[in-house]
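# Breakdown of the fold
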Amino acid sequence: MPITKYQVYYRKLKDILNSIKDREGYPNDSLAFAHWFLKHQVGLDDQQIGEVIIDGNGDYGIDAVYLNDKKLHVYQFKFPTEKNINKEIEQGDILKTFNGFDALVDNKYKSGKANKSFIAMKEYLRDEEVYEFNINFVSYNKGIKSNANVEVLRNRSSQYEDDYDFRYKLYDRDTILNIFEKSQKNTSVDVKLTYKNMANSYAGENIESSVGVVNAAKLVESVKDELSVVFDENIRLYESDSKVNEGIYKTASGNDTSGMFYYYNNGITFICDDYKNSPNNNTLFMKGASIVNGCQTVTTLARAYDDSRLRDDADLLVRVIKIKKYSERAKITKYLNSQTQIKESYFIANHPIVRDLQEDLLKDNYYLERQTNELSHKQKYDSEYLKGKELQVLKLSDVIQRYTGYYVDKYAHIAKSGKGALFENDNIEEILGEINAAKVIKSLETYETISGVITSYRRMRRNSEKNDFLHYLGVKKEEFIFNEYLFVNTTDILLLNTVHKLSELDEEAEINTLIKVGILIIRDVIKSNDGYKQTPPATLMKRKAVYESVRKYIEENQVSLKKLIQ
């Protein structure tokens, strides 16, 4: 059964919660989940969180109580087991929280079974002014969906609405995913944009937009100090050798063309968490801004500006989109960049797991480029960025291919036959489900060793005097049957997958022994199948059937293979 995106994110979040549990000493995942939520959604620090959390028996179904600006926020948190993430909050838990709310705010309500934290919070509230009351149900599942549960929620809420300024809010797994994605975004840029004109445009639920015209030089001045990070959510960065970019440069700097720049250029798009317009001085202030379409234009204009070639009459179209839902932000970025040919791997550049992986790999001096030319781009505009570190730069598409070929049996053949298909929505979510830096490094190091062996085979094929490959296999030249090893030329991914399956038989086995045995296994599997023998090796190495045959061979010969690789 395919792994859903909810499972993928659940497992990543579970790892984070385990760290919080260990650090803070929480007895269960739900309280660690409360800590994480209060930090990333409410904005509390560790000390504040410790003060507002109510834990232990006698909490009356309330996990945290937070008073801010005379507004009381009561929270119930649920972080279920993975098998229960498709369920709802149980009706009993809903009622328990409302009963706890009664015990907390109604001084007539006796709370004799309450724990010390609850009693202390109740006593604290007696001396505070509260003019707005909120109950928040936060759960990594479907939340409250069924008619019966919705009816209970509404009925209990109606009992307060006549007496209080009361409201409730639901945070289900989709909302949690959005918060998680936002928390994984490493940069937040504020931009003050001076414009010539700006007008409100389309708006919908939780999304607004404005469209206007800005002067090119004013645009550059507004972002020039942030060029290393303002394209963080874009899926590709500046392409220095592009003829299109040279055309942008000439148009913006030409005496007879700069005035037509607005008409010749497609414009740019900002996406941001929020923006405020100041029409009296023609400025738009954006929080959490990123340029998601127009990197080539802006970077080229910045180059012309630095060269003192950007003319004053060059203007361009700007669209500003305000949206906080990060899953939708990613879709907007993708579709805005779909008009030109872009590698499929770029479309997962903003995936929080990829961002997290980039950060973890950096600890081992690997720089995973989520975007093309990312490292050189950031170092160009921030000379101190990772200065002095010796880094091995990794392409995202290569990382996914090697990792899949090594660990993900289901898609290993696709990693060879057409790795672009690995990045299709359903496939990539499943592939990312168990990925981590250690596994990536293992697959990359193994692939590199295999590549060296294949290179020695190719040297022998080109020059019969080069016998490194024969020495590696331990085969005498007169015993070597060349036609039986034609597959080696294109066996990188199949051999990678085979080595992994062999390593599961003996984790301490030496890598070169595993590779040698893997080559011999693939040779024997091909020799034993007439269909395989008649198929061109380059084609055969892409066939799912041969991957399955090799894995079956290993499964059926575990005992003898263990002895061979020890």
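Model, not experiment: these values are computed from the prediction.

### Focus on the confidence of the model for the protein
Caution is warranted with low-pLDDT regions, since their predicted coordinates should not be read in detail. Here the protein averages 87 in pLDDT, and 93% of its residues register 70 or above. Ignoring residues within four places in sequence, the model shows residues 339-343, a span with pLDDT below 50, making six contacts including any to other chains.

### Structural notes on the pairing of strand β12 (residues 315-323)
With seven of nine residues buried, β12 lies mostly within the body of the structure. Pairing of strand β7 (residues 207-215) with β12 involves nine bridges; the strand directions are antiparallel. Within β12, the position partnered with Asn-215 by the bridge is Asp-315. When strand β8 (residues 268-272) meets β12, the two strands line up parallel, connected through five bridges. Looking at the pairing, Ile-268 lines up with Val-318 of β12.

### So, the side chain of Asn-265
As for its position among the elements, Asn-265 is in the loop between α10 (261-264) and β8. One polar contact links Asn-265 to Thr-297, side chain to side chain, over a distance of 3.1 Å. Not counting residues within four places of it along the chain, the set of residues in contact with Asn-265 comprises Ile-248, Thr-297 and Leu-316.

### Focus on the packing of aromatic side chains
One pass over the structure, following the stated rule, counts 34 aromatic pairs. Ring geometry for Tyr-10 against Phe-79: centres 4.7 Å apart, planes inclined by 10 degrees, an arrangement best described as stacked. Taken together, the residues Tyr-10 in helix α1 (residues 5-24) and Phe-79 in the loop between β2 (71-78) and α4 (91-105) connect sequence positions 69 residues apart. Taken individually, Tyr-10 and Phe-79 each receive the classification buried, so the pair is uniform in this respect. Between Phe-37 and Tyr-75 the ring centres are 6.1 Å apart and the planes differ by 65 degrees, which places this aromatic pair in the edge-to-face class. Taken together, the residues Phe-37 in helix α2 (residues 29-42) and Tyr-75 in strand β2 connect sequence positions 38 residues apart. Residue class for Tyr-75 comes out buried when judged on its relative accessible area of 4%. Among the aromatic residues, those joined into a ring-pair cluster are Tyr-9, Tyr-10, Phe-33, Trp-36, Phe-37, Tyr-75, Phe-77, Phe-79, Tyr-140, Tyr-171 and Phe-180. It is Arg-402 that lies over the ring of Tyr-447; its NZ or CZ is 3.9 Å from the centre.

### Observations regarding the environment of Ile-554
One can find Ile-554 in helix α24 (residues 544-556). Each residue touching Ile-554, except ones within four places of it in the same chain, is listed here: Thr-498, Lys-501, Leu-502, Leu-505, Ile-521 and Leu-561.

### Some words on the packing of helix α13 (residues 352-362) against helix α18 (residues 437-462)
Direction vectors running N to C along α13 and α18 enclose 70 degrees, while the axes themselves pass 9 Å from each other. Taken together, α13 and α18 sit at an angle that is classed as roughly perpendicular. For the pair α13 and α18, the sense of crossing is right-handed. On the side of α13, the interface is formed by Leu-357, Asp-360 and Leu-361, while α18 contributes Ala-437, Val-440 and Ile-441. When the residues that make up the contact of α13 with α18 are grouped by side-chain class, the tally is five nonpolar, no polar and one charged.

### Quick word on unusual backbone geometry
Here the phi dihedral of Lys-70 falls at roughly 65 degrees; this positive angle occurs in a residue that is not glycine. Assignment of secondary structure puts Lys-70 in the loop between β1 (64-68) and β2. With relative accessibility at 39%, the residue Lys-70 sits in the partly exposed group. A positive phi is found at Ser-308, a non-glycine position, where the angle reads about 60 degrees. The topology assignment puts Ser-308 in the loop between α11 (295-306) and β12. On the basis of relative accessibility, which here comes to 67%, the residue Ser-308 falls in the exposed class.

### As for the pattern of salt bridges
Scanning the model with the defined rule gives 32 salt bridges in all. Among the salt bridges present, the one from Arg-11 reaches Glu-434, with a minimum N-O distance of 2.5 Å. Of this pair, Arg-11 sits in helix α1 while Glu-434 sits in the loop between α17 (425-431) and α18; the two residues are 423 residues apart in sequence, bridging distant segments of the chain. For Arg-11, a relative accessible area of 21% corresponds to the partly exposed category. For Glu-434, a relative accessible area of 38% corresponds to the partly exposed category. Among the ionic pairs, Glu-208 bridges to Lys-322, the shortest N-O distance being 3.4 Å.

Here is what the cut-offs are and how they apply
Residues numbered from 1 in each chain as written. Predicted model: local features only at pLDDT ≥ 70, side-chain atom pairs only at ≥ 80, totals over all residues. Heavy atoms only, no water. pLDDT = per-residue confidence, 0-100. Contact = heavy atoms within 4.5 Å. Buried < 20%, exposed > 50% of the residue type's maximum accessible area, 1.4 Å probe, protein only. Helix = DSSP H or I, 4+ residues; strand = E, 2+ residues; numbered from the N terminus. Pairing = 2+ DSSP bridges. Polar contact = N/O pair within 3.5 Å; in protein donor to acceptor, adjacent residues only side chain to side chain. Phe/Tyr/Trp six-rings, centres within 6.5 Å; stacked < 30°, edge-to-face > 60°. Lys NZ or Arg CZ within 6 Å of the ring centre and 35° of its normal. Axes fitted to C-alpha atoms, helices over the stretch in contact; angles between N-to-C directions. Parallel < 35°, antiparallel > 145°, perpendicular 65-115°, else oblique. Left-handed = near helix turned anticlockwise from the far one by under 90°. Nonpolar A, V, L, I, M, F, W, Y, C, P; charged D, E, K, R; others polar. Salt bridge = Lys/Arg side-chain N within 4 Å of Asp/Glu carboxyl O.

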